[in-house]
Amino acid sequence: MSEKEIECPKCKNKSVYIEHPDEYEVWLKCKDCDFFLGMSADEWHRIHNSPNLDSKIKKMYEKEHGITAGSDKKCRLCGASKGEKGFLCLCDKCCYKLLILVIVIMVIGSYMVWMALL
């Protein structure tokens, strides 16, 4: 276990603990979510005494998982966190609702045009 409280990059709780499975490896795990970050012991010794440890861990996690810096934005419609996915700053749920709305408008519009031609 760690003496320091480390903030989890995923759930933002101070619940990350450190495991040393062997002398060459260090694992960072969160008690509250499925966060896992493995690194070499040399990498860990380089960063573990720095004052901005949380931000360095967050950068390493984002780099490993291919998350861009702006991906922790909120959905424009519902305000939910969009996480790693999303389109036009919308969560998947709102994207599906928007797609259904567009399809309904297209069906109604085509029906109105069809009725006008008869």
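Thresholds, definitions, all that
- Residues numbered from 1 in each chain as written.
- Predicted model: local features only at pLDDT ≥ 70, side-chain atom pairs only at ≥ 80, totals over all residues.
- Heavy atoms only, no water.
- Phe/Tyr/Trp six-rings, centres within 6.5 Å; stacked < 30°, edge-to-face > 60°.
- Buried < 20%, exposed > 50% of the residue type's maximum accessible area, 1.4 Å probe, protein only.
- Helix = DSSP H or I, 4+ residues; strand = E, 2+ residues; numbered from the N terminus.
- Core = buried A, V, L, I, M, F, W, Y, C linked by side-chain atoms within 4.5 Å.
- Contact = heavy atoms within 4.5 Å.
- Polar contact = N/O pair within 3.5 Å; in protein donor to acceptor, adjacent residues only side chain to side chain.
- Pairing = 2+ DSSP bridges.
- Axes fitted to C-alpha atoms, helices over the stretch in contact; angles between N-to-C directions.

1. Re the packing of aromatic side chains
Thought 1: In this structure the tally under the stated criterion is three aromatic pairs.
Thought 2: For the ring pair Trp-27 and Phe-36, a centre distance of 5.6 Å and an interplane angle of 70° mean the geometry is edge-to-face.
Thought 3: With relative accessibility at 24%, the residue Trp-27 sits in the partly exposed group.
Thought 4: Aromatic pair Tyr-111 and Trp-114: ring centres 6.1 Å apart, planes at 55°, arrangement tilted.

2. Focus: unusual backbone geometry
When glycine is set aside, most residues are seen to have a negative phi, and most peptide bonds are trans.
Thought 1: Despite not being glycine, Lys-12 has its phi angle at roughly 65°, a positive value.
Thought 2: Mapping Lys-12 onto the fold places it in the segment before strand S1 (16-22).

3. Description of the nonpolar core
Thought 1: Counting residues in hydrophobic clusters, the biggest one holds 16 residues, and the most contacted among them are Ile-6, Val-16, Leu-28, Phe-35, Met-39, Trp-44 and Ile-57.
Thought 2: For this core, the secondary-structure elements that each account for two or more residues are S1, strand S2 (25-30), strand S3 (36-40), helix H1 (41-47) and helix H2 (53-65).
Thought 3: In terms of nonpolar packing, the next biggest core, distinct from the first, is built from five residues, Cys-75, Cys-91, Cys-94 and Cys-95 among them.

4. Re the environment of Lys-12
Thought 1: Looking at Lys-12, the relative accessible area reads 41%, which means it is partly exposed.
Thought 2: In the structure, Lys-12 is positioned 21 residues away from Cys-33 in sequence and 9.9 Å away in space, judged by C-alpha atoms.
Thought 3: In this view, Lys-12 contacts Glu-7 and Lys-58; residues no more than four positions away in its chain are not counted.
Thought 4: Within polar-contact distance, the side chain of Lys-12 engages the backbone oxygen of Pro-9 at 3.0 Å.

5. Digging into the pairing of S2
Thought 1: The side-chain alternation of S2 yields one buried face, formed by Val-26, Leu-28 and Cys-30, and one unburied face, formed by Glu-25, Trp-27 and Lys-29.
Thought 2: In this structure, S1 lies alongside S2, joined through five bridges in antiparallel fashion. Paired with Asp-22 across the bridge in S2 is Glu-25.
Thought 3: A loop of two residues connects S1 with S2, the two strands running antiparallel in sequence.
Thought 4: Two strands pair when backbone bridges link them, and S2 and S3 are joined in this way by five bridges, in the antiparallel orientation. Residue pairing across strands places Glu-25 opposite Ser-40, the latter belonging to S3.
Thought 5: Once S2 ends, the chain turns through five residues before running back antiparallel as S3.

6. Overview of the sheet that holds S2
Thought 1: Reading across the sheet, the three strands line up as S1-S2-S3 and stay open at both edges, with antiparallel pairing between neighbours. The open sheet has two edge strands with one neighbour each: S1 and S3. For this sheet, the mean angle separating the axes of adjacent strands, direction not counted, is 25°.

7. Digging into the environment of Val-16
Thought 1: In this structure, Val-16 sits in strand S1.
Thought 2: C-alpha of Val-16 to C-alpha of Asp-32: the two residues are 16 residues apart in sequence and 8.4 Å apart in space.
Thought 3: In contact with Val-16, other than residues within four places in its own chain, are Ile-6, Glu-7, Cys-8, Leu-28, Lys-29, Cys-30 and Phe-35.

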